[in-house]
Each structure stands twice: as structure tokens, then as C-alpha cells.
Amino acid sequence: MADRGRLLAPGRVVALFVAVTALGCKHDPPPTAPAAPPPVERARAAAPAAAPGVPAEAPSPDAKAALAWIDALRERDPGAVLEKTVVPFDFRDVSRKKRCGAKAATTRAAAATVTRCLAKDETFHADLSATPEPRLVAIDGATLPPWAQPWAKALTPGVRAISTFVHGEDEARELVLLVGDGGVRGLWQNVIPEPK
């Protein structure tokens, strides 16, 4: 019988290692921190889902206003979009292909021009239709996406930002809706091409 206090000879250590490895025992390296997800994935994960069996919180008045405005856009109804729009309306687009320009609509007529363009934009409509229930996340000036940070001063008292993404066939739109006074006071967007 071998003495338990004796050390194994080097040849026996190697044989023992080979035997343990052959049985499926292996040494896993320590886990590394996962890489930061791309912006689209961060926004998808930003809003927690309700636990099973627990009712979701009722949407805030700001979320209701944003959803009503998005629904009117999805229906391609310029009149309904304008009805839910508060003037002055701040539209900014940092996308490469700007369809409706970027402008601060300070009159109802100017806001009607912007909302009509947005409501009739076929690609925007397709993206909204592909995302029937967008997740809305309330954000503040410090948590604006990097592309919108230069405009943080536009978040004046009474104006709040809500972020969402809508996904189309080959792009995602990161939207920041400015809400206040019971309607939408602005839309900032960045269209991000998605790899196929």
C-alpha cells in the first residue's frame, strides 16, 4: 500500500493529468467580461420586461403621448400626427440619407410640412410597421445617445426625452422623441444600417 504522504514521481503526474483529461475533466480559464453590445442591442436591453405573472406598469403620460404619435405615423395619417404634435417641433436627423431635412418648426404650418413628410416616408413607415410595439425608455441629457449629445440643452424644463428603436429590413432607427405638454415636441433620429 502506498504512503499517502509521498509525492508522485514526475512521470506519474503526467500520466495522472492525461487520465483526468481523457475522462472529460478540464480546466476552464476564468470567465472574461463580455464585450459591450452594440448600441442597438444596448437599447433593446435597456427596458426591463415584467416578470411572468406580474402585470407590467401602466405607461406614463409621456409614453402614451409618444406611442400615440408613433401610431399615427405608422398609419401614415399626417393630420393625426400633426394633432399629436406640439409647436415648436424640433426635428433633427443625423442619418446619411435625410428625406425630410432637419428643422425647427416654429409655426403650425411648418410643423405640418415636417409631419406630412415623416408620415409619407415609405421607408419610415416600413420600419415602424416592422416594430409594432417599440420599447420606450425615458432618458435624460446625460443618457442621450452620443450622436444626440450636442442637443442636450434642448431638454428644457417640461421637455422630456424618450428613446426607442424601430427595425426595418436593412436598418434600425434610433429615435429620441421629445415629449411635453401632452404631445410630441420633437423627433431626433439616426438611421443605422444593419448588416445582412
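Residues numbered from 1 in each chain as written. Predicted model: local features only at pLDDT ≥ 70, side-chain atom pairs only at ≥ 80, totals over all residues. Heavy atoms only, no water.

Q: Teacher, can you tell me more about the sheet that holds strand E2 (residues 103-105) here?
A: Working definition: the strands of a sheet are paired by backbone hydrogen bonds and lie parallel or antiparallel to each other. Read across the sheet, 6 strands follow the order E2-E1-E6-E5-E4-E3 without closing on themselves; strand pairing throughout is mixed. Each end of this open sheet is capped by a strand with a single partner; those strands are E2 and strand E3 (137-139). Between one strand axis and the next, the sheet turns by 20° as a mean value, whatever way the strands run. In the packing of helix H5 (residues 108-120) onto the sheet, the strands contacted are strand E1 (85-93), E2 and strand E6 (183-193), and the crossing angle to E1 comes to about 50°. (Pairing = 2+ DSSP bridges. Helix = DSSP H or I, 4+ residues; strand = E, 2+ residues; numbered from the N terminus. Axes fitted to C-alpha atoms, helices over the stretch in contact; angles between N-to-C directions. Contact = heavy atoms within 4.5 Å.)

Q: Just checking my understanding: could you explain the state of the cysteines for this structure?
A: A disulfide bridge is the covalent bond that connects two cysteines by way of their sulfur atoms. In total, this model carries 1 disulfide according to the counting rule given. Here Cys100 connects covalently by a disulfide to Cys117, the sulfurs 2.0 Å from one another. Handedness of the Cys100-Cys117 disulfide follows from its S-S torsion of about -90°: it is left-handed. One end of the pair, Cys100, is in the loop between E1 and E2; the other, Cys117, is in helix H5, and 17 residues separate them in sequence. Judged by its relative accessible area of 8%, Cys100 is buried. The class of Cys117 is partly exposed, set by a relative accessible area of 26%. (Disulfide = S-S within 2.5 Å. Buried < 20%, exposed > 50% of the residue type's maximum accessible area, 1.4 Å probe, protein only.)

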